[in-house]
Amino acid sequence: MKIRVKIKHLAYGAGLLLAVILAVAVMAKPPQNMAGAGQTGAEAKEQVLRKIAAAGAEEKLKLIEEYMLKDDSADLSRAYDMYIESTGMMYGGGVVDVAKKPVFSLDEKLPYLEQYAAEGEPGPELAAAAKLLAYHYQGEGQQEKAAKVLAEARKRLHSSNAVYASNELLLMQAQLAAGQKQYDTLLKLCAEIIDRNAANDDILVRMSELLAQYAIEKGEVPQTLELLRSDLEQKSSRMTSGQAVQIQKEELRGITDRLKKIASGRPAGLTDVSGTIAKANGEPLAYAGVFLRRDDDLNHSMAGFEPYQTITNEKGEYAFKGVVPGRYKLYLGVNASQLNGWTWPEQRDGGWIDLNGQQAAVENVTFQPLLELREPVNNAIVKDNSIAFAWEPVQGAAYYNLSVGIKLKSGSTSRVVRRGISVPEVRIQADDLYYEYTGISGFSEGSGQLTIDPLSLLGYANTDNQMTWDVAAYDAGGRMLTRSGGYRLDERLTDRLPFFYLKAREMTEADRTLLSGDLKKAEAMYRADYRKDPDDAHSLHMIIRLLQGTTMLEGKGAGEAEESLLAEQTRLLRQLVKLHPAAWYYDMLAQQAFDRADWDEYRRYDELAAALDTSEDTGYRDGTRAIAFMRQQKWDEAAASFQKSLENDPSHRFIGAYIALTIARGSPLETAAALAEKYPDRMSYSGPIHWDELLLAMKREAAGQDGYFQTLRQRAGQYVRGGEAGGERSSSSAPAMNRFFEQLKQVK
């Protein structure tokens, strides 16, 4: 049985993640199941090592290949069981044949990899052994040893069928040289890379990143890089669609932007980033993978071409030398046993690391013991009209937040349902949970046609759907101390799993019809039930959900049909808030009033929603209010609300709109640039938005163009008054300005 663990939990409104559902389902099996019947993992490893020790020279190398190289890519991005970051995101690593092979850590493999690097046959496995050894030596601070093992392996990879493997070793040599600021060596290696790979755009883009580091350090662009950039830009214009192509384009654009910074004379410098990865009890996470990921790379899976990758030493220490300015996040690669019973608490700022040319930056990670849950657990069936949640208290906790999640056809969803709980228990009314908001999601089963997921429509009111819950503990300053979601491998940690069923209501025939997939028939049944009983809040709620699903499928721009659907939603929502007042119902009414520019009604519903909203994070609400003030041309009120939003929301999602308002009011670009640097946009969108880069590009673009700033302010004024992101595109002589207003369309 082969298992490829892929775990990526979803983020929702408040940003809390549920990190337990699939993790427990996959990992909570007894350890002996992972090594074959009747054996523990340690016993299986010992058996393999005895087998290798007893084998002859040739057979020994084959066994090392089979058990320590075959199922592993040499990339650190596939060498571990899982990859995590501080928000709770978890990704699976490589494919492991868990029924046949035990999993060896990189440290356990070390002597066997050294033997294979010295004696193994030339080929991909030799390159893999050399790369893994180089990562190990690099993590231990033995840079010369790392460079030597790569160089020696590359000398032996002389056959034409090992070109890719040889290139990977050559690139890693160049990365090591760049990290040690050995720029003469770097330039020689880059020259060799170009000579061998003139037509390999992927290799050349990766090499260009290393040369850009050199350019920032030296303050000059080497001719080699300038020629490469020009050549790759020409090729980029001819590239077709596809994720790999898009990633390559983004890489190239990032390099180009950095070169323009150098040309503009802006101060730039390289930063040494270091830290320690350890558990709260002092135990280091030895030989864990450490990845310093640029914001440009966060929208795709971890990849071997990303430039900043290393491993910790036996003390849990890591270091990156000469990191170029930018915005980064730290990701870790770990084996499951290292995380058993521990979690990486989410940081208030999302774990961002901003490098602006400072000499050094220290980023430590401390894992905390998982918070223990008491009830409901182990698929308990709750039939009461209220649910009692209880957990073990956490020392130093000022309050707790409780999330509840459900399964969907393609994953899961979770929502914070109670905030600011002062004691380690809370009772929630079943009706409150039944009416809790869930986003509507769709799925496609091969036909390509999107279908609304009925599980997302019925949400928490589905008594047949397994629910899960998670608690996070915070100190008085809002810093997360620990949470219950995480990896639990042994029986001590798996005797109380956070699953339950809520069966305080009876499913209606319309509910069953909905779950069968017949949405039109279900809607007719809900309407009939509501006509019979005008106080039937559940049927009214479900009619609105189905109307929302129809709007989602048809999309914007459906003309009169869309207007009719929205008008009916508004009418029904006004009835529903009388039966079951809830913040998210009022928020929907406020949004609809916003879209109609009915500002009196928007303000009324927004205030009603705020009164029922228990969240202390008002960043999104303040930002939406700011845009409403902008549309009404109340500039001072808009600026004050934007400022409040940016101070309260670490994502700074509305900074683009605030910059547009600043420009429209006549402020110079330097004022807007100061805002962009102070409040970097952390929203993911389809990729990062660097407002500071766009402003710098517009400043360069304005040189020699009469009337440029007047046009910019006119377009910004049109945007803040409600125009379509700055109206008509400017001429081809203003691509930076056009791109600025294109990016504003994503600010919502």
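Residues numbered from 1 in each chain as written. Predicted model: local features only at pLDDT ≥ 70, side-chain atom pairs only at ≥ 80, totals over all residues. Heavy atoms only, no water.

Describing the sheet that holds strand β14 (residues 386–391)
Picture the strands of a sheet paired through backbone hydrogen bonds; they go either parallel or antiparallel. What the three strands build is an open sheet, ordered β12-β14-β17; its pairing is antiparallel. Both outer strands of the open sheet, β12 (373–375) and β17 (425–429), are each paired with one neighbouring strand and no more. When the angles between neighbouring strand axes are averaged without regard to direction, this sheet yields 25 degrees. Here β14 pairs with β17 via five bridges, running antiparallel. Directly across from Ile387, in β17, lies its bridge partner Ile428. (Pairing = 2+ DSSP bridges. Helix = DSSP H or I, 4+ residues; strand = E, 2+ residues; numbered from the N terminus. Axes fitted to C-alpha atoms, helices over the stretch in contact; angles between N-to-C directions.)

Topic: the packing of helix α25 (residues 669–678) against helix α26 (residues 691–702)
At their nearest, the axes of α25 and α26 sit 8 Å apart, and the two run at 160 degrees to each other. Relative to α26, α25 is oriented roughly antiparallel. Our pair here, α25 against α26, has a crossing hand that is left-handed. Residues Leu669, Glu670, Ala672, Ala673, Ala676 and Glu677 of α25 lie in contact with α26, whose contacting residues are Trp691, Asp692, Leu695, Met698 and Lys699. When the residues that make up the contact of α25 with α26 are grouped by side-chain class, the tally is seven nonpolar, no polar and four charged. (Parallel < 35°, antiparallel > 145°, perpendicular 65-115°, else oblique. Left-handed = near helix turned anticlockwise from the far one by under 90°. Contact = heavy atoms within 4.5 Å. Nonpolar A, V, L, I, M, F, W, Y, C, P; charged D, E, K, R; others polar.)

Concerning the confidence of the model for the chain
Looking at the chain, pLDDT values average 83 and 81% of them are 70 or higher. Every residue in residues 95–99 is under pLDDT 50, and counting partners more than four places away or in other chains gives 19 contacts. (pLDDT = per-residue confidence, 0-100.)

Considerations on the packing of helix α23 (residues 635–648) against helix α24 (residues 655–664)
Helix-helix packing is described using two parameters, namely the angle between the two axes and the distance between the axes. Running from amino to carboxyl end, α23 crosses α24 at an angle of 150 degrees, the nearest separation of the two axes being 10 Å. Between α23 and α24, the interaxial angle falls into the category roughly antiparallel. In terms of crossing hand, the pair formed by α23 and α24 is left-handed. Together, Trp635, Ala638, Ala639, Phe642, Gln643 and Leu646 of α23 and Ile655, Ala657, Tyr658 and Leu661 of α24 make up the contact between the two elements. Here the residues of the contact of α23 with α24 are counted per class, giving nine nonpolar, one polar and no charged.

Side note on helix α6 (residues 143–156)
For α6, built from 14 residues, the straight-helix expectation of 20 Å at 1.5 Å per residue is met to within 8% by its first-to-last C-alpha distance of 21 Å. Every buried residue of α6 is listed here: Ala146, Val149, Leu150, Ala153 and Arg154. Buried positions in α6, seen along its axis, are confined to an arc of 130 degrees and lie on one side of it. Away from its buried face by more than 90 degrees, α6 exposes Glu144, Lys148 and Lys155. For α6, the secondary structure elements touched by its buried residues are α4 (106–119), α5 (124–139), α7 (163–179) and α8 (183–196). (Expected span 1.5 Å × (residues − 1). Buried < 20%, exposed > 50% of the residue type's maximum accessible area, 1.4 Å probe, protein only. Arc of directions from axis to C-beta.)

A word on unusual backbone geometry
The omega torsion of the bond from Glu375 to Pro376 falls at -5 degrees, within 30 degrees of zero and hence cis. Phi at Tyr287 takes a positive value of approximately 60 degrees, unusual for a residue other than glycine. Its place among the elements puts Tyr287 in the loop between β3 (271–279) and β4 (289–294). Note on Tyr287: relative accessible area 12%, which makes it buried. A positive phi angle, near 55 degrees, is found at His652, a position not held by glycine. Turning to its location among the elements, His652 is positioned in the loop between α23 and α24.

Points about the nonpolar core
In terms of nonpolar packing, the biggest core is built from 107 residues, with Phe389, Trp391 and Trp691 touching the most fellow members. The biggest single contributor to this core is helix α20 (residues 583–595), with eight residues. In this view, Phe389 contacts Glu375, Pro376, Leu402, Val404, Pro424, Glu425, Val426, Ile428, Trp469 and Phe500; residues no more than four positions away in its chain are not counted. Listed in part, the 47 residues of the second largest apolar core include Tyr80, Tyr83, Tyr112 and Ala117. (Core = buried A, V, L, I, M, F, W, Y, C linked by side-chain atoms within 4.5 Å.)

Comments concerning the side chain of Glu568
For Glu568, the location among the structural elements is in helix α19 (residues 560–579). Discounting chain neighbours no more than four positions away, the residues touching Glu568 are Arg527 and Leu547.

Examining a nonpolar patch on the surface
On the surface, a cluster of nonpolar side chains totalling about 250 Å² of accessible area is made up of Leu450, Met552 and Leu553. Within the secondary structure, Leu450 is located in the loop between β18 (442–443) and β19 (451–452). Residue Leu450 is classed as partly exposed on the basis of its relative accessible area of 42%. (Patch = residues over 30% accessible without salt bridge, like charges linked within 9 Å, V, L, I, M, F, W, Y side chains within 5 Å. Areas by Shrake-Rupley, 256 points an atom, 1.4 Å probe, with all protein chains shown as cover. Salt bridge = Lys/Arg side-chain N within 4 Å of Asp/Glu carboxyl O.)

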